[in-house]
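Next come the chains, spelled out residue by residue.
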Amino acid sequence: MLEQLFLKYLSKKGKIFYFIGQIILFTIWAIIVFKVLNHSLNRGENLFFIGLISIWVVWTGISLLFFRKKDSNNIISE
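Residues numbered from 1 in each chain as written. Predicted model: local features only at pLDDT ≥ 70, side-chain atom pairs only at ≥ 80, totals over all residues. Heavy atoms only, no water.

(A) Examining unusual backbone geometry more closely. A positive phi angle, near 60 degrees, is found at asparagine 38, a position not held by glycine. With respect to the helices and strands, asparagine 38 occurs in the loop between helix H2 (12-36) and helix H3 (45-66). A relative accessible area of 56% places asparagine 38 in the exposed class. (Helix = DSSP H or I, 4+ residues; strand = E, 2+ residues; numbered from the N terminus. Buried < 20%, exposed > 50% of the residue type's maximum accessible area, 1.4 Å probe, protein only.)

Here it is as structure tokens:
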């Protein structure tokens, strides 16, 4: 639901960048928590979900920063 709120502000490239980045970062985080740190889902549950939420917030901000739609109504022409 929150994604729909900010996806309307992203360009087409931004939406692709956002979703591919999310998949890659979530996969990397899961590998780190479960393979490298050797946690099980029961032991590393809090760490895993806090990491997912943190990745989501940071990646959303990066996507909005670099791939925001150009709004022609806000541009002041001289």
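Okay, back to it.
(B) View of the side chain of serine 63. Its place among the elements puts serine 63 in helix H3. Under the relative-accessibility criterion, serine 63 is labelled buried at 0%. What serine 63 contacts, discounting residues up to four positions off in sequence, is Leu10, Phe17, Tyr18 and Arg68. (Contact = heavy atoms within 4.5 Å.)

(C) Fine view of the packing of H2 against H3. Taken N-terminus to C-terminus, the directions of H2 and H3 make an angle of 155 degrees; their axes are 10 Å apart at the nearest point. Our classification of the angle between H2 and H3 gives roughly antiparallel. Every pair of crossing elements has a handedness; the one defined by H2 and H3 is right-handed. Mapping the contact onto sequence places Phe17, Tyr18, Gly21, Gln22, Leu25, Phe26, Trp29, Ala30, Val33 and Phe34 in H2 and Leu47, Phe48, Gly51, Leu52, Ile55, Trp56, Trp59, Thr60, Ile62 and Ser63 in H3. A class-by-class count of the residues in the contact of H2 with H3 yields 15 nonpolar, five polar and no charged. (Axes fitted to C-alpha atoms, helices over the stretch in contact; angles between N-to-C directions. Parallel < 35°, antiparallel > 145°, perpendicular 65-115°, else oblique. Left-handed = near helix turned anticlockwise from the far one by under 90°. Nonpolar A, V, L, I, M, F, W, Y, C, P; charged D, E, K, R; others polar.)

(D) Spatial organisation of the packing of aromatic side chains. One pass over the structure, following the stated rule, counts seven aromatic pairs. With centroids separated by 4.7 Å and ring planes inclined at 45 degrees, the aromatic side chains of phenylalanine 17 and phenylalanine 67 adopt a geometry described as tilted. Linking phenylalanine 17 in helix H2 with phenylalanine 67 in the segment after H3, this pair joins segments that are 50 residues apart in sequence. Given the relative accessible area of 22%, phenylalanine 67 is considered partly exposed. Look at phenylalanine 48 and phenylalanine 49: their rings are 5.3 Å apart centre to centre, the planes differ by 70 degrees, and that puts the pair in the edge-to-face class. Through pairs of rings, three or more aromatic residues link up here, namely Phe6, Tyr18, Phe19 and Trp56. (Phe/Tyr/Trp six-rings, centres within 6.5 Å; stacked < 30°, edge-to-face > 60°.)

(E) Representation of a nonpolar patch on the surface in the model. Residues Ile16, Ile20, Ile24, Ile28, Ile31, Ile32, Val36, Leu37 and Leu47 make up a contiguous nonpolar surface patch of about 770 Å² in total accessible area. When residues in the nonpolar patch are grouped by element, the largest group, seven residues, is from H2. Relative to the elements of secondary structure, isoleucine 20 occurs in helix H2. Relative accessible area serves as the criterion here: at 47%, isoleucine 20 is assigned to the partly exposed category. (Patch = residues over 30% accessible without salt bridge, like charges linked within 9 Å, V, L, I, M, F, W, Y side chains within 5 Å. Areas by Shrake-Rupley, 256 points an atom, 1.4 Å probe, with all protein chains shown as cover. Salt bridge = Lys/Arg side-chain N within 4 Å of Asp/Glu carboxyl O.)

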